[in-house]
Amino acid sequence: MATFSPSSSSSSSLLHQRTSIPPKQCYYSRKFSLQQSTKRVSAIHLHDGASTKKVSPVKADGPATILKDGILSMPSVTLPEEAIDEENSTVSITVVGASGDLAKKKIFPALFALYYEGYLPKHFTIFGYARSKMSDAELRTMVSKTLTCRIDQRENCGEKMDRFLERCFYHPGQYDSQQNFLELDKKLKEHEDGRVANRLFYLSIPPNIFIDAVKCASTSASAANGWTRVIVEKPFGRDSESSAALTRSLKQYLDEDQIFRIDHYLGKELVENLSVLRFSNLIFEPLWSRQYIRNVQFIFAEDFGTEGRGGYFDNYGIIRDIMQNHLLQILALFAMETPVSLDAEDIRNEKVKVLRSMRPLRVEDVVTGQYKSHTRGGVKYPAYTDDKTVPNDSLTPTFAAAALFIDNARWDGVPFLMKAGKALHDRRAEIRVQFRHVPGNLYNKNIGTDLDEATNELVIRVQPDEAIYLKINNKVPGLGMRLDRSNLNLLYAARYAKEIPDAYERLLLDAIEGERRLFIRSDELDAAWSLFTPVLKELEEKKVLPEYYPYGSRGPVGSHYLAARYKVRWGDVGSEQ
Ligand SMILES: NC(=O)C1=CN([C@@H]2O[C@H](COP(=O)(O)OP(=O)(O)OC[C@H]3O[C@@H](n4cnc5c(N)ncnc54)[C@H](OP(=O)(O)O)[C@@H]3O)[C@@H](O)[C@H]2O)C=CC1
Ligand SMILES: O=C1O[C@H](COP(=O)(O)O)[C@@H](O)[C@H](O)[C@H]1O
């Protein structure tokens, strides 16, 4: 073990102060401000000039404290031995299903962005694995064509891309072939070159072959002396039973702490910021309850249909595709109680608790829709069922709205509304918090007749154009006394010059670093499915007809009736959004 014991040092000198860390390493902290604000030493980042590695202290003797003039006093922390041994360890990342859409669109670009920014460890190798026949050179050509990520306009991008591609390789193989995975293992070993070998497998394949691939990877290509982790993509089953069966099968080959169930919405910047906003600002946390909040809305909209993914989508539908995972995860983060710390288990414990306090969704609290063909400006937009991979008589919802409730002391009676849809008039993901009326408001008569319009609303716009804004009532300048609604607006593009990383970058880095906070634990998943499984079964058994809405419209009118039943008006509708 190595001991690190700086004390009473400024944060900049802290970066270099150490006792028994080898001289070429210094401290670099991606999350330094987080550590300061939590006043706990939960992680330390080691940086050797080329790469960064996060380590958890084995032991911290006490909390960090901020003294006068920003001087930071740190406790003595004990680091694990592997933390100081970057030279002798390596990480191999195998993208299983490398020829597929997600790998090309998201995973390889995210890995390149991490490399470009210096976040990957010094020694790393990337392998693509799939059945398609490809050489290393062909994989590199394929990857280079799809590196259309945020980095590609940057300085030295071409040069860095060449360096990155030199470290990408390909192995063709079947997903259920131990022999093919043994061959992969052999190649990985050659690249690992006798170092401590850590291996990350990213399962970017259809769910019906997850288990075959996990079985082969774990039995024939696990790391011999380092860690082995597996990132599993959604869908995690299609209901409680199939999800539990998937978990059982995964656990035949992996421990829970090796399984990284990804929900990429948890990696989005504004979703990460939700806890910061709430727990580090005095003005929000005291208002975060039924006393002040009338309703909360989670809205997801896409202005395109299921084009190209109809085959997958028809078996799942929008409730499983977006609500049960992305929107529910955001809801859990929004509504959970204060966690004991920012450690993964403390956060996930709170998320499970709030999910388990929720009422299973009732069929009368759901509205479903499906888009139909629509011609606008001479262009004909297809119906969902025009997709050749979708049956003509499919009832699969491409839109749903739902009202959910949390039966605990904080949220009793507050409607949590969700709305998700494809082929709508715009693309957005946002959280809207509508506050109650001001009691005995002196200015009621200056507001007009619609008091609901005049309540405060906090909007967290996850995408596009990331922003946080608060709608307030304000006096219109002039000699009269007229109020209007104005926004206190934090528009990220105006406030921060830095680009926002893609969610997959954050999540891949976390998986490499063993940070589980943004990945879904099996009990969270069980709780999430318990809420949606009964209603999904009922909708399917009763063959409930979706309400048809034109491609490019605002979706079924039924969603407004549902909201009105709970005295809610969707915040994304109307002139001022
Ligand atoms: N694409 C996206 O935007 C998103 C995808 N996901 C999830 O990520 C995973 C991968 O998605 P995506 O890349 O779109 O998937 P693809 O359909 O593109 O499949 C990935 C690869 O798996 C192999 N494959 C496809 N079908 C089969 C099959 N029936 N049997 C065996 N192998 C098959 C193919 O490789 P080969 O033939 O070379 O072996 C293919 O290139 C899925 O679980 C998906 O649900 C999650 C969120 C978004
Ligand atoms: O998981 C999924 O997410 C995408 C939307 O992701 P975004 O990051 O582009 O907002 C959605 O299109 C897809 O249907 C779903 O499977």
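All residue numbers refer to position in the chain's written sequence, counted from 1. Lettering for chains starts from A, numbering for ligands starts from 1, and both go in the order in which the items are written. Thresholds applied to this predicted model are a pLDDT of at least 70 for local features of residues and 80 or more for the giving and counting of side-chain atom pairs; totals over whole chains, interfaces and linings are not thresholded and use all residues. Side-chain numbers come from the whole structure's heavy atoms, not from hydrogens or water.

Named according to an unreviewed UniProt entry, the protein is Glucose-6-phosphate 1-dehydrogenase originating from Helianthus annuus.

Participant: When you look at the site of ligand 2 in this model, what are you seeing that I'm missing?
Facilitator: Throughout this document, a residue counts as near a molecule or strand when at least one of its heavy atoms sits within 4 Å of that molecule or strand. Around ligand 2, the structure places Lys234, His264, Tyr265, Lys268, Glu302, Arg309, Asp321, His326, Lys422 and Gln463. Arg309 places a side-chain nitrogen or oxygen 3.2 Å from an oxygen atom of ligand 2. Only the protein chains shown count as cover for residues, with accessible areas throughout obtained via the Shrake-Rupley method and a probe of 1.4 Å. Notes on ligand 2: free accessible area 390 Å², of which the protein chains cover 82%. Gly counts as polar in this scheme, as do all residues outside two lists: the nonpolar Ala, Val, Leu, Ile, Met, Phe, Trp, Tyr, Cys and Pro, and the charged Asp, Glu, Lys and Arg. Along the lines of polarity and charge, the residues of the shell around ligand 2 split into one nonpolar, three polar and six charged. Pairs of N or O atoms are called polar contacts if they sit within 3.5 Å, as long as, within protein, a hydrogen donor faces a hydrogen acceptor (for residues adjacent in sequence, only side-chain-to-side-chain pairs).

Participant: So what exactly am I meant to see when it comes to the packing of helix H11 (residues 317–335) against helix H12 (residues 344–356) here?
Facilitator: The geometry of a pair of packed helices is captured by two quantities: the angle between their axes and the separation between those axes. Orientation is described by lines fitted to C-alpha atoms, with helices fitted over the stretch in contact, and by angles between N-to-C directions that extend from 0 to 180 degrees. Per the convention used, a helix needs a DSSP run of H or I reaching at least four residues, while a strand needs a run of E reaching at least two, with both numbered from the N terminus. Put simply, H11 and H12 touch, their axes get as near as 9 Å, and they point 105° apart. By the angle class used here, H11 and H12 are roughly perpendicular. On H12, the residues that touch Leu328, Gln329, Ala332, Leu333 and Ala335 of H11 are Ile347, Lys351, Val354 and Leu355. Per-class residue counts for the contact of H11 with H12 are seven nonpolar, one polar and one charged. For this classification, under 35 degrees means roughly parallel, over 145 means roughly antiparallel, 65 to 115 means roughly perpendicular, and everything else is oblique. By definition, residues are in contact when any of their heavy atoms lie within 4.5 Å.

Participant: What exactly am I supposed to notice about the site of ligand 1 here?
Facilitator: Within the structure, ligand 1 sits among 20 residues, and Ser99, Asp101, Leu102, Ser132 and Tyr175 are positioned closest to it. Side-chain polar atom of Ser132 to an oxygen atom of ligand 1: 2.4 Å apart, as the coordinates give it. Contacts to ligand 1 include Lys234, whose backbone N or O atom sits 3.0 Å from an oxygen atom. In isolation ligand 1 has 870 Å² of accessible area, and contact with the protein removes 76% of it. Ranked by residues supplied to the shell around ligand 1, first place goes to helix H3 (residues 101–116) with three residues. Residue composition of the shell around ligand 1, by class: ten nonpolar, four polar and six charged.

Participant: Just to check I follow, could you spell out helix H16 (residues 522–541) for this structure?
Facilitator: Since one α-helical turn is 3.6 residues long, residues separated by three or four positions face the same way. Over its 20 residues, H16 extends 27 Å from the first C-alpha to the last, a length consistent with the 28 Å expected when each residue adds 1.5 Å. The sharpest bend along H16 measures roughly 35° and falls at Phe532, with the proline Pro534 sitting one to four residues further on. Of the positions making up H16, those classed as buried are Ser522, Glu524, Leu525, Ala527, Ala528, Trp529, Leu531, Phe532, Thr533, Val535, Leu536 and Leu539. Looking one or two places after H16, you find Lys543, whose phi comes out positive at around 50°. A helix is expected to span 1.5 Å multiplied by its residue count minus one. One axis fitted to the seven residues ending at a residue, another fitted to the seven starting there: the angle between these axes is the bend at that residue. Per-residue accessibility, obtained with a 1.4 Å probe over protein chains only, is compared with the maximum for each type, and a residue is labelled buried under 20%, exposed over 50%, and partly exposed between these values.

Participant: Sorry, what's going on with the UniProt feature "domain: Glucose-6-phosphate dehydrogenase C-terminal" (unreviewed entry) in the protein here?
Facilitator: UniProt positions are given in the numbering used here, feature names are shortened, and annotations may be inferred rather than shown by experiment. UniProt records the feature "domain: Glucose-6-phosphate dehydrogenase C-terminal" (unreviewed entry) at residues 276–570, using the numbering of this structure. Secondary structure content for residues 276–570 is 30% helix and 25% strand, and the end C-alpha separation is 25 Å.

Participant: Looking at this model, I keep getting lost on the packing of aromatic side chains. Mind explaining?
Facilitator: Within a pair of aromatic rings, the relevant descriptors are the distance that separates the centres and the angle that separates the planes. Ring pairs shown here join Phe, Tyr and Trp side chains whose ring centres sit within 6.5 Å, with only the six-membered ring taken for Trp; geometry is labelled stacked below 30 degrees between planes, edge-to-face above 60, and tilted in between. Applying the stated criterion across every chain, the model contains 25 aromatic pairs. Residues Phe112 and Tyr116 carry aromatic rings whose centres are separated by 6.2 Å and whose planes lie at 75° to one another, so their mutual orientation is edge-to-face. In this pair, Phe112 and Tyr116 both sit in helix H3, four residues apart, roughly one turn of the helix. The class for Phe112 is buried, based on a relative accessible area of 0%. Overall, Tyr116 belongs to the buried group, its relative accessible area being 12%. Seen from their ring centres, Tyr115 and Phe164 are 5.8 Å apart, and the 45° between their planes marks the pair as tilted. Linking Tyr115 in helix H3 with Phe164 in helix H5 (residues 157–165), this pair joins segments that are 49 residues apart in sequence.

Participant: Please explain the sheet that holds strand S11 (residues 124–130) as it appears in this structure.
Facilitator: One key point about sheets: their strands pair by backbone hydrogen bonds, in either a parallel or an antiparallel sense. Each pair of strands is called paired provided DSSP finds at least two bridges between the two strands. The seven strands are arranged S12-S11-S10-S13-S14-S15-S26 in an open sheet whose pairing can be described as mixed. Only two strands of the sheet have a single partner each, and these edge strands are strand S12 (168–172) and strand S26 (519–520). Strand direction decides the pairing type here: strand S15 (residues 259–262) and S26, joined by two bridges, are antiparallel. Bridging from a neighbouring strand, Ile262 pairs with Phe519 of S26. Those strands touched by H3 are strand S10 (89–96), S11 and strand S13 (196–203), and its axis lies near 160° from that of S10.

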